[in-house]
Amino acid sequence: MFTKLIEKLKKNYTTLVFTEGADPRILEAASRLKREDILQPLLIGDVQEVRQAARAGGFDIADIRIVDPLHYRRMDELVDKMVELRKGKLSPEECRGLLQKGNYFGTMLVKLGVADCLLGGATYSTADTVRPALQLIRTKPGHRIVGSCFILTRGSGSSAELLAMGDCAINIKPDEDELAEIAVETAECAKLFGIDPQVAFLSYSTKGSGKGEDVDKMRRAAQTAKQARPDLMIEGELQFDAAVSPEVAQTKCKGLPVAGHANTFIFPDINAGNIGYKIAQRLGGFEAYGPILLGLNAPINDLSRGCNAEEVYYMAIITAGLR
Ligand SMILES: CC(C)(COP(=O)(O)OP(=O)(O)OC[C@H]1O[C@@H](n2cnc3c(N)ncnc32)[C@H](O)[C@@H]1OP(=O)(O)O)[C@@H](O)C(=O)NCCC(=O)NCCS
Ligand SMILES: CC(=O)OP(=O)(O)O
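Residues numbered from 1 in each chain as written. Chains lettered and ligands numbered in written order. Predicted model: local features only at pLDDT ≥ 70, side-chain atom pairs only at ≥ 80, totals over all residues. Heavy atoms only, no water.

Draft legend 1. Just the layout of surface pockets, in detail. In this structure, the largest pocket occupies an estimated 340 Å³ of space. Around the largest pocket sit 19 residues that line it, and Lys-140, Leu-293, Gly-295, Leu-296 and Leu-322 are the ones nearest its centre. Where the lining of the largest pocket is concerned, the elements lending two or more residues are helix 8 (176–192), strand 10 (287–294), strand 11 (300–302) and helix 13 (309–321). Here the residues of the lining of the largest pocket sort into 11 nonpolar, five polar and three charged. (1 Å grid on protein atoms, 1.4 Å probe; cavity = no way out; pocket = protein on both sides within 12 Å on 5 of 7 lines; lining within 4 Å. Points joined across faces, edges and corners; volume = space filled by probe spheres on them. Helix = DSSP H or I, 4+ residues; strand = E, 2+ residues; numbered from the N terminus. Nonpolar A, V, L, I, M, F, W, Y, C, P; charged D, E, K, R; others polar.)

Draft legend 2. Focus on the pairing of strand 6 (residues 161–166). Bridge count for strand 5 (residues 147–154) against strand 6 is six bridges, and the pairing is antiparallel. The residue of strand 6 that forms the bridge with Leu-152 is Leu-163. What sits between the antiparallel neighbours strand 5 and strand 6 is a turn of six residues, in which Gly-155 has the positive phi angle 80 degrees. In this sheet, strand 9 (residues 264–266) lies alongside strand 6 in parallel orientation, the contact comprising three bridges. If you follow Ala-164 over to strand 9, its bridge partner there is Thr-264. (Pairing = 2+ DSSP bridges.)

Draft legend 3. View of unusual backbone geometry. Of the consecutive residues Gly-166 and Asp-167, the connecting peptide bond is found in the cis state with omega at -15 degrees. Looking at where Asp-167 falls in the secondary structure, it is placed in the loop between strand 6 and helix 8. Residue Pro-291 is reached from Gly-290 by a cis peptide bond, and omega for that bond is 0 degrees. By the secondary structure assignment, Pro-291 is in strand 10. The phi torsion at Lys-87 lies on the positive side, around 45 degrees, for a residue other than glycine. For Lys-87, a relative accessible area of 70% translates into the label exposed. (Buried < 20%, exposed > 50% of the residue type's maximum accessible area, 1.4 Å probe, protein only.)

As structure tokens, this is what we get:
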């Protein structure tokens, strides 16, 4: 799954900012990425603290740049640019205060082109990782919102199972139009990982078997997505069993092409999505890569705070490789 992305990266010289430079998982991944010549990590943090953490973990970071926001020579430039971007919402003093922190500082390094992309969230919460990007980088032209998806894999080689799930991390209660956009973006992201997307809008109801406003929302969101992208295989609303089990689909909604074969799942809200992907990851034996941010105007991604060094390594490759 990662071979092509790694090949592409080795031909470019991509600088990726890690906002939590002293975290041992970040240091392990960064030293491996540098050693394998995949990308150029840039670690944010206090230089002594980062070096000490690297020594303690036995990670070679000799050729990796460390930048401390408290001693950054272009700080005034960052402050001016951030004030301009926040359009009267923050004073210069407030911007300078926020820029002492790795999340805002790293995001501004991407905005100014000092770095190409960013990965954070090993210790910052998703909200604290994503908020600077929403405020300073904003959505891509033509997009209403920034959403997210996870790519899940189980097994290896030709028998590997690949799934996509959205939005498990950003939009708390997306409306119909937002769900339709999340679905289209998740399907496009799935394709980049070799998934032929069969999209199911999930619910507690299958094609009208249950009633309620969330059922109506998922049915209408599926219709909107189908209208927007008739080329994609989309169905909804479906219960999870009807989405993945051909036998159940036969009983509950016979004759729908996606039902029983779905591999791209759109959840009604973040409760369902976040719980759902973590069940697949922790009990279902899937590796989970994400949240991969969708519709953001620069490659910035978040990690789960429960991540390990290998997940950081692969998320860095995804972040740099999908730009
Ligand atoms: C993503 C999230 C942090 C944004 O909300 P917030 O911090 O309250 O930020 P605000 O609502 O103040 O929005 C900040 C800016 O981002 C914009 N924004 C918020 N959500 C956005 C989205 N999904 N897409 C695009 N822009 C968005 C707002 O319009 C606002 O712009 P402005 O300040 O220029 O007016 C919030 O939706 C959230 O907490 N989501 C859940 C994260 C989480 O806990 N996930 C579970 C673990 S993965
Ligand atoms: C994606 C996610 O759930 O992040 P965290 O585990 O950091 O809350």
